[in-house]
Amino acid sequence: MTEKLPDNIKKEIEKLVQELNYHCYRYYVLDSPVISDAEYDKLYRHLKELEEKYNYVLPDSPTQRIGAPALEKFEKVRHTEPMLSLDNAFSYDEVREFDKRLKRLLNSKDDIEYTVEPKYDGLAMELTYRKGLLFRASTRGDGYEGEDVTQNIRTIKSVPLKIEGEGKIPEEIDIRGEVYMDIDEFDKLNKQREQNNEPLFANPRNAAAGSVRQLDPSITTSRKLHLACYGIGMVKGISFKRQSELINWLKESRFPTPAKIKVAKGMEKVIEVITEIEESRNSFSFETDGAVVKVNDFGLQQKLGVKTREPRWAIAYKFQAHQGTTKIREIHGSVGRTGVITPFAIFEPVRIGGVTVSRSTLHNWDEIERKDIKVGDTVVVERAGDVIPHVIMVVKEKRTGKEKRFPIPEKCPACSSRVVREEGEVAVRCVSLHCPAQVQEKIIHFASRGGMDIEGLGEKNVELLYTKGLIKHFEDIYKLKKEDLIGLPRFAEKSAQNLIDAIERSKRTTLARFLFSLGISHVGEFAAKLLAKNYENLRKLYRVSPEEITEIKQMGKKIASSISTFFNDKKNLDLLNVMVKDHGLKIKNPDFISEKEEHMPLEGLTFVITGTLSKPRKEVEDLIEANGGHVSSAVSASTDYIVVGEDPGSKLQKAKTLGVKTISYDELLKMIEQKTRNPMLF
Ligand code: IVH
């Protein structure tokens, strides 16, 4: 039973929410709390009690950050204004070129005023606020359409649930920023994952992205994420003249903004600020791989406009990669799922750009020869952006004579079978059909995220189940019972049930995923998707000939032969039948494009064109009609899309009031492209 809400309690709740939000801001945005954690917790608990007792919960109450139920899937969100990417500059000269280009375009010799700020290596996010309240958070996606991740973003403590503070509150605003994970947090998370036998994240960016794209917000809550806001999209009820003015408003409104952001007039000053940021980047708590230079004046930004995907008024200067020196302790070979043996080095742990590096792949045996790498060598190791660390060179001056060559193995390190190296190939391969490393890698691949996506069936657990004889082939996964698992190391009642549930869930899958998970040689995610576009179901692939596969433009001879061999092997077909019939795999194929759809991808859709497009209007009309669409000259409720070019007319306004979807010419091409079974590569 909830009690009636007396006025004084209502006021108390409102005050508590305000107070707690303020303390949250002090702690998570300003990093300068004014009360202790214990005091905060006490206030929080008190608020929670009152909310429950009187059933009065404000939308921006801090209690609303957590506790949302897990989702089935993310809804798609179209960005009102596309989320663009940035052009890169790799030298100061390229930044100078950028400035010269802008002066030329603006036909002016005056120094341009820029803002310079760090480029955060995270995940771009759009936060929509309506009447000051956080309404929705969406990922960038392809720039036009992202995913609704509101309930996860709410859990990030530095994200204001309500626009507060000294700034004016707009009617509606799309605030853009980057969600990222601090390096320390990333290291901690990976350590934890290692202990739990979960796959490690390659870098803080992947960790942040993986944490945001969680259907269960309680997982996101447990990952400490941050936000830095650097821009806006659509806005109503407030206007800004400059980027620096926007940043000030964001600050006043309690949004976290980029560290060290500065206004710099003229190129030499810009370069000075970039250097400052680069020099201090090792002291940042987050990973940054560059500095973003933006024209400060929004009027000038407008004048300069955008290219297809990037604005002309901004550029990202990329920093030099992080390097460090360390010693190679050991070299080993690891066996992949196709039997290829890849050498890797184990180093004395070294911190490079804030991340501890203790191993790296050496790619292949030729590379070891070419770089003359030996066990005991001191080497320069580089970590560039998201790239996994690699050895750049040996510091020969540090050699003592005790370094040892590491010869190409004659036997497989996993099963001691002989290895082969085919003429002209760099790869060394174990050809045993029973090599446990290969079998395990095949199972790991089958269960991986891009494949059947069985959570909890990573490297360590596959190794465990394989050595216990519970799975000898990926098909055996579907024979596992809870009783088999309980009592094994790391498995108790709950964890066993979780794995069984994950296996059960994986049975509902798509043809593209399933094909990828089978580990057919050369069939990666892209090829699997292409097959799914062209073949309605698994059966249609049975006994397929290589010639038929090569009819798909992007399928070469090598891949066609490997696909055909797989689907002409009786044992393989029996296995597929068992998986579908006995284990009850439900394979849907949403990617399939029927012949009719392919010929008429725009069938049933009405388009209106406004503004100047990059192609003559007649050509665009013909294109729409050739693809089954209809072109109309006036916007009405039955218009499906309005294709918008430069300087659009009043039709756009009308379309907006009617809620007609607006697309660019590029997006129109994309719509057609998506429905072709033989897409061209751009
Ligand atoms: S401005 C039109 N500022 O970098 C301008 N982007 O490579 C687009 N990013 O998608 C964004 N830090 O996710 C801007 N300070 C910053 C940034 C930043 C990171 C990301 C952003 C964007 C990507 C482009």
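Before any of the text, the structure's been laid out above.
Residues numbered from 1 in each chain as written. Predicted model: local features only at pLDDT ≥ 70, side-chain atom pairs only at ≥ 80, totals over all residues. Heavy atoms only, no water.

Side-chain pairs of opposite charge can arise where the charged atoms are in close proximity. Within the structure shown, the criterion is met by 43 salt bridges. Between Lys-100 and Glu-97 there is a salt bridge, with the nearest N and O atoms lying 3.9 Å from each other. Of this pair, Lys-100 and Glu-97 both sit in helix H3 (residues 92–106), three residues apart, which is roughly one turn of that helix. By relative accessible area, which is 40% here, Glu-97 ends up partly exposed. Here the salt bridges do not stand alone but share partners, grouping Asp-372, Asp-377, Lys-396 and Arg-399 into one network. (Salt bridge = Lys/Arg side-chain N within 4 Å of Asp/Glu carboxyl O. Helix = DSSP H or I, 4+ residues; strand = E, 2+ residues; numbered from the N terminus. Buried < 20%, exposed > 50% of the residue type's maximum accessible area, 1.4 Å probe, protein only.)

Glancing now at empty space enclosed by the protein. Applying the stated rule across the entire model yields three cavities of 30 Å³ or more. Reported here for the largest cavity is a volume of approximately 120 Å³. Asn-21, Tyr-25, Arg-65, Pro-160 and Arg-254 are the residues nearest the centre of the largest cavity, which is lined by 13 residues in total. Residues belonging to the lining of the largest cavity are distributed by class as follows: six nonpolar, two polar and five charged. Here the second largest cavity is characterised by a volume of approximately 40 Å³. In terms of lining residues, the second largest cavity is bounded by Pro-82, Met-83, Leu-84, Ser-85, Arg-140, Gly-143, Tyr-144, Thr-308 and Arg-309. Here the lining of the second largest cavity is composed, by residue class, of four nonpolar, three polar and two charged. (1 Å grid on protein atoms, 1.4 Å probe; cavity = no way out; pocket = protein on both sides within 12 Å on 5 of 7 lines; lining within 4 Å. Points joined across faces, edges and corners; volume = space filled by probe spheres on them. Nonpolar A, V, L, I, M, F, W, Y, C, P; charged D, E, K, R; others polar.)

Turning our eyes to something else, we now look at the state of the cysteines. Within the structure shown, the criterion is met by zero disulfides. Sulfur of Cys-24: no disulfide; nearest cysteine sulfur belongs to Cys-229 and is 15 Å away. Given the relative accessible area of 0%, Cys-229 is considered buried. (Disulfide = S-S within 2.5 Å.)

Attention shifts here to helix H13 (residues 459–467). When we look at burial in H13, the residues that qualify are Asn-461, Val-462, Leu-464, Leu-465 and Tyr-466. Contacts from the buried residues of H13 go to helix H12 (436–447), helix H14 (482–485) and helix H15 (493–506). Of the residues trailing H13, Gly-469 is marked for its positive phi of about 75 degrees. (Contact = heavy atoms within 4.5 Å.)

With that settled, the discussion passes to the environment of Ile-175. Mapped onto the elements of the fold, Ile-175 is located in strand S7 (residues 172–181). Relative accessible area serves as the criterion here: at 0%, Ile-175 is assigned to the buried category. Setting aside its immediate chain neighbours within four residues, Ile-175 contacts Met-125, Glu-126, Leu-127, Tyr-129, Cys-229, Gly-231, Ile-232, Trp-249, Leu-250 and Phe-255.

Our focus in this paragraph is the site of the ligand. By nearness alone, 15 residues border the ligand, and Glu-117, Tyr-120, Glu-178, Tyr-230 and Lys-294 come closest of all. Tyr-230 has a polar side-chain atom sitting 3.3 Å from an oxygen atom of the ligand. Taken together, the elements giving at least two residues each to the shell around the ligand come down to strand S3 (113–120) and strand S10 (288–295). It is S3 that contributes the most residues to the shell around the ligand, four residues altogether. In the shell around the ligand, the residues fall into nine nonpolar, one polar and five charged. (Near = heavy atom within 4 Å. Polar contact = N/O pair within 3.5 Å; in protein donor to acceptor, adjacent residues only side chain to side chain.)

Taken in spatial order, the four strands of this open sheet run S22-S21-S23-S24, and their pairing is parallel. The sheet is open, and its two edges are formed by strand S22 (630–631) and strand S24 (661–663), each paired on a single side. Direction of pairing for strand S21 (residues 606–610) relative to strand S23 (residues 641–644): parallel, over a ladder of four bridges. Within S23, the position partnered with Phe-607 by the bridge is Tyr-641. Strands S21, S23 and S24 of the sheet are contacted by helix H24 (residues 665–674), whose axis makes an angle of about 100 degrees with S24. (Pairing = 2+ DSSP bridges. Axes fitted to C-alpha atoms, helices over the stretch in contact; angles between N-to-C directions.)

Moving on, we get to the side chain of Gln-151. Following the sequence through the fold, Gln-151 ends up in helix H4 (residues 150–153). In this structure the side chain of Gln-151 is engaged in a polar contact, spanning 3.2 Å, whose partner is the backbone oxygen of Pro-69.

Let us look at the pairing of S7. Consecutive residues of a regular strand have side chains that alternate between opposite faces of the sheet. Burial analysis of S7 places ten of its ten residues in the buried class, which makes it a mostly covered element. By the alternation rule, side chains of S7 split into Glu-172, Asp-174, Arg-176, Glu-178 and Tyr-180 and Ile-173, Ile-175, Gly-177, Val-179 and Met-181, which are all buried. Of the pairings in the sheet, the one linking strand S4 (residues 123–130) to S7 comprises eight bridges and is antiparallel in character. Looking at S7, one finds that Met-125 is bridged to Gly-177. The pairing of S7 with strand S8 (residues 225–236) spans nine bridges and is antiparallel. Each residue of the ladder has a partner; that of Met-181, found in S8, is Leu-225.

Let us now look at the packing of aromatic side chains. A full pass over the atoms with the stated rule returns 18 aromatic pairs. Grouping aromatic residues by their ring pairs yields a cluster made of Tyr-120, Tyr-180, Phe-284 and Phe-286. The ring of Phe-135 is capped by Arg-130, whose NZ or CZ atom sits 3.8 Å from the centre of that ring. (Phe/Tyr/Trp six-rings, centres within 6.5 Å; stacked < 30°, edge-to-face > 60°. Lys NZ or Arg CZ within 6 Å of the ring centre and 35° of its normal.)

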